[in-house]
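# Chains, contacts and geometry: an overview
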Amino acid sequence: MTTATLAPELTSAKELTQALRSQGYVVASAETVAEMSKVTLANLLNLTQFWEGLPRDPYLKDGGRYRFRRHASYEIKGDHLHLVAHRAHWQSVDYNALHGGIERWFEPVQAALLNNPAWQSLLLGLAQVLSGLKPTQTWFVEAHQFRIDTTDGIGRPTPEGAHRDGVDFVAVFLLDRVGIKGGETRIFDASGSAGLRFTLAQPWSVLLMNDEKMIHESTPIQPLGDYGYRDTLVLTFRSNGFQDSPNRSQQ
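Predicted model, so just to flag it, every value in this text is computed and none were measured. (Residues numbered from 1 in each chain as written. Predicted model: local features only at pLDDT ≥ 70, side-chain atom pairs only at ≥ 80, totals over all residues. Heavy atoms only, no water.)

## What about the sheet that holds strand E7 (residues 185-189)?
Applied cut-off: Pairing between two strands requires that DSSP report at least two bridges joining them. Numbering of helices and strands starts at the N terminus; helices are DSSP runs of H or I of at least 4 residues and strands are runs of E of at least 2. Axis lines are fitted through C-alpha atoms, for helices just across the contact stretch, and the angle between N-to-C directions can take any value from 0 to 180 degrees.
Taken together, the three strands give an open sheet; going across it, the order is E8-E7-E10, and neighbouring strands pair in antiparallel fashion. In this open sheet, the two strands that pair with only one neighbour each are strand E8 (195-198) and strand E10 (214-218). Along the sheet, successive strands turn relative to each other by an average axial angle of 15 degrees, direction set aside. Pairing geometry for E7 and E10, over five bridges, is antiparallel. Bridge pairing in E10 places Arg186 opposite Glu217.

As structure tokens, then:
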């Protein structure tokens, strides 16, 4: 069984900066992601193996069992990538009404992925593109590995609904769609009513957004058969420090 998906308009590597500046978002193919990252597409696709066996997200307030994830944080200065000590993911309720205001300690990204040259090149390549838009001494980056599955019959990529993340830029990479329908991406102009919807389908294609200008969400997924899942990587870039709880704890 096949399902029709609405394909997004793609932006080339040389047009990324200008299009992101003017539109507030771009969608790029996996080939463009590889070019931006200065890695082969094969090495990029090889990273997908690290989405197997992700730990279940224990913080879902809707009682769901459909989300699995790992988390890492970086500081990027020029071409230097620094993995910071493992820390909680925190958002204010202004940006995440469902899960905001609490420290969420997710399991760290596996060392084999952290040490993979293609992974490191991906982060540095994206930082270079964004620095062309907003010159920044240090980017504070959070990396989130996600798997949304259909264990409960339905999986919700964004249970908090349409939202901003409280950062400068957000990159959402689609890694895989297996046995599902749904998972449509929807983005909206934060200052108006204009919106766009499409389905990311190519492994390692990306939606890159100016978080100050755009609101985004992904629709729920359902299985085509007995079971299905959707894997993504979300990278957030912030120029003025990490978002931390006022009562930050150490683990």
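## Some thoughts on the side chain of Thr48
Inclusion rule: Throughout, exposure labels follow a simple rule: accessible area from a 1.4 Å probe, protein chains only, divided by the maximum for the residue type, with under 20% read as buried, over 50% as exposed, and the rest as partly exposed. We define a polar contact as two N or O atoms separated by no more than 3.5 Å, with the added condition that, inside protein, one atom must be a possible hydrogen donor and the other a possible acceptor, whereas residues neighbouring each other in sequence contribute only through side-chain atom pairs.
Of note, Thr48 is situated in the loop between helix H3 (41-46) and strand E2 (67-77). You can call Thr48 buried: its relative accessible area is 17%. In terms of polar contacts, Thr48 uses its side chain to reach the backbone carbonyl oxygen of Leu45, at 3.0 Å. One polar contact links Thr48 to Trp204, side chain to side chain, over a distance of 3.0 Å.

## Looking at the sheet that holds strand E12 (residues 229-238)
With respect to topology, seven strands assemble into an open sheet ordered E1-E9-E5-E12-E4-E2-E3, the strand pairing being antiparallel. Two strands bound the open sheet, and with one partner strand each, they are strand E1 (25-28) and strand E3 (80-83). Averaged over all pairs of adjacent strands, the angle between strand axes in this sheet comes to 20 degrees, irrespective of strand direction. Where E1 and strand E9 (residues 205-210) come together, four bridges link them in antiparallel fashion.

## Considerations on the nonpolar core
Heads up, the rule is: What is meant by a nonpolar core is a set of buried Ala, Val, Leu, Ile, Met, Phe, Trp, Tyr and Cys residues, joined one to another through side-chain atoms within 4.5 Å. Only heavy atoms matter for contacts: two residues are in contact if any of them lie within 4.5 Å across the pair.
Residues Trp119, Phe173 and Phe237 are the most contacted members of the largest nonpolar core, which totals 45 residues. Here this core gets nine residues from one element, more than from any other, and that element is helix H5 (residues 117-133). If we ignore the near neighbours within four places in the chain, the residues touching Phe173 are Val33, Leu122, Leu126, Trp204, Ser205, Val206, Asp231, Thr232, Leu233 and Leu235. Formed by 13 residues, the second largest nonpolar core is a distinct cluster that contains Val170, Ile187, Phe198 and Met214.

## Details of unusual backbone geometry
Within the chain, Lys38 stands out as a residue other than glycine whose phi angle is a positive 60 degrees. Residue position: Lys38 is located in the loop between helix H2 (30-37) and H3. Residue Lys38 is classed as exposed on the basis of its relative accessible area, which comes to 65%.

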